[in-house]
Structure formats: structure tokens, C-alpha cells
Amino acid sequence: MKRELYDILCCPVCKGDLELKVTEENDIEIITGSLICHACSVTYPIEDGIPNLLPQNV
């Protein structure tokens with residue numbers, strides 16, 4: 001995931017702000033980490049550079 005993408009992302013459930021936690025990144029993109037919505041108490045994983053923003057109850 002490109003770091004610039006973080007600026008336009010929001011929680012797909014409540015449209016709230018997401019906190020970015022980076023576990024691994026290179027010069028080009030974030031490889032692993034998570035996006036956290038504190039309003040919903042939901043964590044969305046980033047794996048292999050792809051953020052999984054599907055609601056967890058689907």
C-alpha cells in the first residue's frame with residue numbers, strides 16, 4: 001500500500017479516521033501492518049501491500 005493512500009482512507013463501517021500501524025515497509029510501499037478504527041474497535045490488516053478493508057462480519 002502506498003503511504004499516500006492512507007490520507008484518503010476511512011473506516012468502511014463508520015467512515016471514521018483510521019490509525020496506521022506499520023510493521024514492515026520499503027522505499028516504495030507499506031508491506032505489512034494494520035489500519036485501526038478506534039470508533040468501531042476494528043483492525044484491518046495490511047498484508048503483502050494490500051489493505052483488507054472488508055467489514056469483518058461479512
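Since we're looking at a predicted model, the values are computed, not measured.

A.B. asks: Help me get a handle on the pattern of salt bridges, residues and values and all.
C.D. replies: Applying the stated criterion across every chain, the model contains two salt bridges. Where Arg 3 meets Glu 25, a salt bridge forms, and the shortest distance between an N and an O atom there is 3.0 Å. Here the residue Arg 3 occupies a position in the segment before strand S1 (19-25), and Glu 25 occupies one in strand S1, the gap between them amounting to 22 residues. Close ionic contact of Lys 21 with Glu 19 constitutes a salt bridge, the shortest N to O distance being 3.4 Å. Judged by relative accessible area, Lys 21 falls into the partly exposed class, the value being 41%. Exposure remark for Glu 19: the relative accessible area of 26% places this residue in the partly exposed category.

Cut-off values and rules
- Residues numbered from 1 in each chain as written.
- Predicted model: local features only at pLDDT ≥ 70, side-chain atom pairs only at ≥ 80, totals over all residues.
- Heavy atoms only, no water.
- Salt bridge = Lys/Arg side-chain N within 4 Å of Asp/Glu carboxyl O.
- Helix = DSSP H or I, 4+ residues; strand = E, 2+ residues; numbered from the N terminus.
- Buried < 20%, exposed > 50% of the residue type's maximum accessible area, 1.4 Å probe, protein only.

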